[in-house]
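Spelled out, the chains give:
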Amino acid sequence: MSEQTVLAIARNAMLFYIHGDYRSAEKLFLEALHTQQQMYGDSSAAVAQSLSSLAALYMDMGRFSEAESLLKRSLAIRQQVLSSSDKLVVVSVNLLATLYRRQGDYGKAQALYKRTLDIEEQRFGSSHLNVASALTNLAAVHYQLGELKTALLLHGRAHSLYQDILGSKHPKVAECEHYMLLCQQNMG
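Bear in mind the structure is a predicted one, so any value in this text is a computation, not a measurement. (Residues numbered from 1 in each chain as written. Predicted model: local features only at pLDDT ≥ 70, side-chain atom pairs only at ≥ 80, totals over all residues. Heavy atoms only, no water.)

1. Quick notes on the overall build of the protein chain
Regarding its fold elements, the protein chain presents nine helices and zero strands. Helices and strands in the protein chain line up, N terminus first, as α-α-α-α-α-α-α-α-α. Projected onto its principal axes, the C-alpha coordinates of the protein chain cover approximately 60 × 30 × 30 Å. When the 188 residues of the protein chain are sorted by exposure, 39% land in the buried category. In the protein chain, the proportion of contacts linking residues at least 24 apart, taken out of those at least 6 apart, comes to 54%. Only carbon and sulfur atoms are counted for the fraction: they give 52% of the accessible area of the protein chain, which is about 9,700 Å². (Helix = DSSP H or I, 4+ residues; strand = E, 2+ residues; numbered from the N terminus. Buried < 20%, exposed > 50% of the residue type's maximum accessible area, 1.4 Å probe, protein only. Contact = heavy atoms within 4.5 Å. Areas by Shrake-Rupley, 256 points an atom, 1.4 Å probe, with all protein chains shown as cover.)

2. A closer look at the pattern of salt bridges
For side chains bearing opposite charge, pairing can occur when the charged atoms are close. Here the structure, examined in full by the defined rule, presents eight salt bridges. Its salt-bridge partner being Arg-63, residue Glu-26 comes within 3.1 Å of it at the nearest N-O pair. In this pair, Glu-26 sits in helix H2 (residues 22-40) while Arg-63 sits in the loop between helix H3 (45-60) and helix H4 (64-81), placing the two residues 37 residues apart along the sequence. For Glu-26, a relative accessible area of 16% gives the class buried. One salt-bridge network, held together by shared partners, links Glu-26, Arg-63 and Glu-66. (Salt bridge = Lys/Arg side-chain N within 4 Å of Asp/Glu carboxyl O.)

3. Side note on the environment of Glu-26
Residues Glu-26 and Leu-54, spaced 28 residues apart in sequence, show a C-alpha to C-alpha distance of 6.8 Å. Not counting residues up to four positions away in its chain, the partners in contact with Glu-26 are Leu-54, Leu-57, Tyr-58, Met-61 and Arg-63. Only 3.1 Å separates the side chain of Glu-26 from the side chain of Arg-63, close enough to count as a polar contact. (Polar contact = N/O pair within 3.5 Å; in protein donor to acceptor, adjacent residues only side chain to side chain.)

4. Examining the side chain of Thr-35
Here Thr-35 shows up in helix H2. Using a relative accessible area of 10% as the deciding quantity, one classes Thr-35 as buried. Non-local contacts of Thr-35, meaning those with residues more than four positions away in its chain, are made with Met-1 and Val-6.

5. Describing the environment of His-178
Topologically, His-178 is positioned in helix H9 (residues 171-187). It is 9.6 Å that separates the C-alpha atoms of His-178 and His-155, two residues lying 23 residues apart in sequence.

6. Here's the deal with the nonpolar core
In this structure, Phe-29, Leu-54, Leu-96 and Leu-135 are the most contacted members of the largest nonpolar core, which totals 46 residues. The biggest single contributor to this core is H3, with nine residues. In this structure Leu-54 touches Glu-26, Phe-29, Leu-30, Leu-33 and Leu-70, once residues within four positions along its chain are discounted. (Core = buried A, V, L, I, M, F, W, Y, C linked by side-chain atoms within 4.5 Å.)

7. As for the state of the cysteines
This model, assessed by the stated rule, comprises zero disulfides. In this structure Cys-183 is a free cysteine whose sulfur lies 10 Å from that of Cys-176, the closest cysteine sulfur available. (Disulfide = S-S within 2.5 Å.)

8. Here's the deal with helix H1 (residues 3-18)
Taking 1.5 Å as the rise per residue, H1 with 16 residues should run 22 Å; its terminal C-alpha atoms sit 23 Å apart, in good agreement. Within H1 the residues assigned to the buried category are Val-6, Ile-9, Ala-13 and Tyr-17. Projection of H1 onto a plane perpendicular to its axis shows the buried side chains occupying an angular sector of 80°, all on one side. Away from its buried face, by an angle of more than 90 degrees, H1 presents the exposed residues Gln-4 and Ile-18. Looking at the buried positions of H1, the neighbouring elements they touch are H2 and H3. In the stretch just after H1, Gly-20 is the one whose phi turns positive, near 85°. (Expected span 1.5 Å × (residues − 1). Arc of directions from axis to C-beta.)

This is the structure we're talking about:
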């Protein structure tokens, strides 16, 4: 099977996934993964991407333990074949953090979201949309942990970045204002 055919299979899997046909998506993601493993071995960037895509599907299906295993494998591969600050490493770290957050394992999620923030600040400096997004994710975990002052500070930093970069009328600015208000209300 050619590389183009495998990519077409993966694209079709993503289309099924987006449209909510998880069964068809899973079948095609698995086909793409197995074919890529045969073509490139178990430790290629293509295999890492397929593992990550399948994990995202499993997260949405509530199959968290399977998703966790796949995300850990994907992250390990990406850390092996890419630099530690590569955007795909960040994607893997962030997806794993999101998985832990959805499972209520806020300690693990917090550590990984902090790692994402550190990498994004290293890559882009402190004034970038990716940094604002990482701040928002980290703030949400602090909020869940009841660490409202820290959550408020992080949302405030994200708010400033979104306002400076996107303008005061952007929905991300309003979203941050909403979360800041929630923090303030719950602080008493």
